[in-house]
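Observations on the three-dimensional arrangement
Listed below are the residues making up each chain.
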Amino acid sequence: MFARLTSCSNLPSRIRQSNVCPVSLRSYSQAKYSLPRSHGKSFAHRSELKQAKRIVVKLGSAVVTRDECGLALGRLASIVEQVAMLQNQGREMMIVTSGAVAFGKQRLRHEILLSQSVRQALHSGQNRLKDMTVPVLEARACAAAGQSGLMALYEAMFTQYSTCTAQILVTNLDFHDEQKRRNLNSTLHELLRMNIVPIINTNDAVVAPTVPNSDLQGVNVISIKDNDSLAARLAVEMKADLLIALSDVEGLYNSPPGTDNSKLIDIFYPGDQQSITYGTKSRLGLGGMEAKVKAALWALQGGTSVVIANGTHPKVTGHVITDIVEGKKVGTFFSEVKPAGPTVEQQAEMARHAGRTLAFLHPDQRGEIICRLAELLTETKDEILSANKRDMELATLSGHFSQALINRLSLSSAKLNSLAIGLRQLSVSSKDSVGRVLRRTRVANNLELEQITVPIGVLLVIFESRPDCLPQVSALAIASGNALLLKGGKEASNTNKILHQLTQEALSMHGVADAIQLVSTREEVEDLCRLDKLIDLIIPRGSSELVRDIQTAAKGIPVLGHSEGICHVYIDSEASIDKAISVVRDSKCDYPAACNAMETLLIHKDFLRTPMFDQIIDTLRADHVKIHAGPQFASYLTFSPSEVKSLRTEYGDLECCIEVVDSMQDAVDHIHKYGSAHTDVIITENEERAEQFLQQVDSACVFWNASSRFADGYRFGLGAEVGISTARIHARGPVGLEGLLTTKWVLRGDGHTVADFSEQGSMKYLHENIPVPQGSFN
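Residues numbered from 1 in each chain as written. Predicted model: local features only at pLDDT ≥ 70, side-chain atom pairs only at ≥ 80, totals over all residues. Heavy atoms only, no water.

Looking up the chain in an unreviewed UniProt entry gives the name Delta-1-pyrroline-5-carboxylate synthase, with the organism given as Takifugu bimaculatus. We quote the UniProt Function (unreviewed entry) comment for the chain here in full: "Bifunctional enzyme that converts glutamate to glutamate 5-semialdehyde, an intermediate in the biosynthesis of proline, ornithine and arginine." Comment text from UniProt for the chain, heading Subcellular location (unreviewed entry), reads "Mitochondrion matrix". (UniProt positions renumbered as here; feature names shortened; annotations may be inferred.)

1. Thoughts on the overall build of the chain
The helix and strand tally for the chain stands at 26 helices and 24 strands. A burial count over the chain gives 52% of its 778 residues as buried. Sequence-distant contacts, at least 24 apart, represent 75% of the contacts inside the chain between residues at least 6 apart. (Helix = DSSP H or I, 4+ residues; strand = E, 2+ residues; numbered from the N terminus. Buried < 20%, exposed > 50% of the residue type's maximum accessible area, 1.4 Å probe, protein only. Contact = heavy atoms within 4.5 Å.)

2. Focus: the sheet that holds strand β20 (residues 701-704)
Overall, parallel pairing links the six strands, which are arranged β17-β18-β16-β15-β19-β20 in an open sheet. Only two strands of the sheet have a single partner each, and these edge strands are β17 (626-629) and β20. Averaged over all pairs of adjacent strands, the angle between strand axes in this sheet comes to 20°, irrespective of strand direction. Note that strand β15 (residues 567-571) and strand β16 (residues 598-604) share five bridges and pair parallel. Following the sheet pairing, Y570 is matched in β16 by L602. (Pairing = 2+ DSSP bridges. Axes fitted to C-alpha atoms, helices over the stretch in contact; angles between N-to-C directions.)

3. Things to note about the sheet that holds strand β4 (residues 197-202)
Here eight strands make up an open sheet; going across it, the order is β3-β4-β2-β1-β5-β7-β8-β6 and the pairing mixed. The outermost strands of the open sheet, each flanked by one partner alone, are β3 (165-170) and β6 (267-268). Pairing of strand β1 (residues 54-59) with strand β5 (residues 242-247) involves five bridges; the strand directions are parallel. Along β5, the bridge assignment pairs K58 with A245. Lying over the sheet, helix α9 (residues 178-193) contacts β1, β2 (92-97), β3 and β4, oriented at roughly 165° with respect to β3.

4. Concerning the environment of A593
Structurally, A593 is set in the loop between α22 (577-589) and β16. Given the relative accessible area of 11%, A593 is considered buried. In this structure the C-alpha to C-alpha distance between A593 and S543, which are 50 residues apart in sequence, comes to 9.8 Å. Ignoring anything within four residues of it in the chain, the contact list for A593 reads A404, R408 and G652.

5. A closer look at unusual backbone geometry
For K239, which is not glycine, the phi dihedral falls at a positive 55°. Topologically, K239 is positioned in the loop between α10 (227-237) and β5. A positive phi is found at N446, a non-glycine position, where the angle reads about 60°.

6. Quick look at the pattern of salt bridges
Under the defined criterion, the tally for this structure stands at 36 salt bridges. A salt bridge links E349 to K263; the nearest nitrogen and oxygen atoms lie 3.4 Å apart. Highlighted residues: E349 in helix α13 (residues 344-360) and K263 in the loop between β5 and β6, separated in sequence by 86 residues. Look at E349 and you get partly exposed, because its relative accessible area is 34%. Taking the shortest distance from any N to any O, the salt bridge between E345 and K329 comes out at 3.0 Å. On the criterion of sequence distance, the pair formed by E345 in helix α13 and K329 in the loop between α12 (320-325) and β8 (332-334) is long-range, its members being 16 residues apart. Here E345 and K329 have matching classes, each one buried. Taken together, the salt bridges that share partners define one network made up of D323, E326, K328, E526, D527 and R530. (Salt bridge = Lys/Arg side-chain N within 4 Å of Asp/Glu carboxyl O.)

7. Describing the environment of L153
Mapped onto the secondary structure, L153 falls in helix α7 (residues 139-159). Taking relative accessible area as the criterion, L153 reaches 1% and is therefore assigned buried. It is 9.0 Å that separates the C-alpha atoms of L153 and L73, two residues lying 80 residues apart in sequence.

8. A few points about the packing of helix α15 (residues 381-398) against helix α17 (residues 413-429)
Running from N to C, α15 and α17 point in directions that differ by 125°, and their axes come no closer than 11 Å. Here α17 runs oblique to α15, going by the angle between their axes. As α15 packs across α17, the resulting crossing turns out to be right-handed. Contact residues: K381, I384 and L385 in α15; S413, L416 and N417 in α17. (Parallel < 35°, antiparallel > 145°, perpendicular 65-115°, else oblique. Left-handed = near helix turned anticlockwise from the far one by under 90°.)

9. A short note on the nonpolar core
I369, I384, V461, L484 and L486 are the most contacted members of the largest nonpolar core, which totals 48 residues. Among the elements that line this core, the one with the most residues is helix α18 (residues 469-480), at eight residues. Excluding residues that lie within four positions of it along the chain, L486 makes contacts with V461, F463, L470, V473, S474, I516, Q517, L518 and V519. Formed by 41 residues, the second largest nonpolar core is a distinct cluster that contains L49, L59, A84 and L153. (Core = buried A, V, L, I, M, F, W, Y, C linked by side-chain atoms within 4.5 Å.)

10. Some words on the side chain of R440
Note that R440 resides in strand β9 (residues 437-444). For R440, a relative accessible area of 18% gives the class buried. A polar contact is formed between the side chain of R440 and the side chain of E450, at a distance of 2.7 Å. Once residues within four sequence positions are removed from consideration, R440 is found in contact with L449, E450, E768, N769, I770, V772 and S776. (Polar contact = N/O pair within 3.5 Å; in protein donor to acceptor, adjacent residues only side chain to side chain.)

Here it is in structure tokens:
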């Protein structure tokens, strides 16, 4: 029977011999992780789960089986692959599995149907055949019939990864009889020592019926009436660091999943049981969520960390276990350490609530908040610079940060003064933002439609190094009436903290201090990007790597930003030497770490071997700019600088590439092929050619005879910017106030219905545009 159901030829392709590489797994296992940890206290934070060495994975019946259709081979293959991978990293893995009863039930039902003779079936007639029922099967018999097949399947799957398994069947006596408990403990330790994965299940063929309310009676007493209890008991007995309990739900909800207002609980603390409303028990197994929580809290009390997560979701099954071990926000994490402040989910809720009040304030009131923030930046300048100095010293001492990043981290009196000026400028423009009428239409008599500007909702801005980003973005959020979550880098934590305090002080003028929140918990960026029900837009400000990671992680939330700033300056054959030198030097050397700094200098071929070309090279070298030669440029030279590895490089430092082009059109083609649609410049005295360049180059910012460094919200008169967008959406280039607004439609009628406008109706559409006076607000 087992051969018919689970022969190796029917296993999913990921575990067939032809698609695996046991040798690579073995070689990987030689570089085992060093995971020293003394047992006795559970991990306080998810990020610490990376240190887990001994791990118990519990598979519920709903994970192992597909209702009445036998075992879920694809899911099991994914789980086996992850367990084998962790085992080969040097971790000690144990599996507590369900599925024997369900597998046996399927097998016995099949055998019973086959045992009925064809003659009986024919005699019965078609109607009787349809009504045939299989007798109720006793669970112990099903377990006896299914256990061997289940283990044979595990063995076949793990063999593909050169991992050995061992079967352990236990009952209550094995834990409560001291001699048997010691024997079990010794056996498991010996198996782990030999790098074998023990697969444990209750011996349901001989287990006695459970006594109601007999389990989980304190630290030393726990029955194993279901595999949740067994897994908890085993984890504590074996001093496991982590217990991962996989079922068919995402984790623990505050009320049954699917009911109104039910929310997934990210972190659950002992003492929170009263806030939970449990649903019914599992459809397939013996336990329900209440049993899982009791078992989890029991294990937590014994020093083992616990995560309850979904092991059936097709999009996450293949990496749910490894994600948990990597500390990602998956399922519900049980912790004994309750943080002093709110969770990031609570912060987002607080921000949304206060943000709605902020959006409803009069524009003058929002302007007052921004002006007050500008005043505070000036009044507390010494405190801000002192905090920034601490951050700079710590960043330098750590040795983990490049000089370019440390430069971005630095604040000065001049920067704070510029910030204050920009915020005051923004406070004036903010009065023409939220609620502005863009369009007004008379749809029909007494039926008027308006399109008005409104805030987007809750913004998440993730930024690295540059703490001056915090007041800029905060002011833009205030001006546009948006709630805001800020996630800064650890390297600027002291500066960010004081700047956020000043922001909340300014917001408190009108009772909306909670509208802007600084995320200071251990939340990973990838975890924040999954909060699609709480966050409406993500704006990354940082390295190209950060932006790309966020764009990949934020699958359910729009991302506004640019991944790279590969900016070009093209020197045309009719360029002014003075303008060329001035613009090139400023574009590259003014602030090379900025995303609007020049990275590639394109030179018309007629400029080679001219005094002007030599002057440009001398200017760059005088500022210690390292030059890389593009392929065309290198071909003209006998001894050239180092040839560039890629024409799509963002150096972010005193480095640049020089490349030669034959014409303006070649320059445009080069920019379109290798650029990032950020900012590109032409230097020429030929007005017609300049206009062609400005029209043809499809970048967010295109300049003529001006430094690329002008691509900035403050310099554009926006007051501040949340970042630069190269996406082809409503907001491109430096994104200021307008980019943080969306629209909604408001219809004012008088009992109108669509039926009134049908062929039989009494009304006709007019669709007359009504002039909107400048500065008109809803």
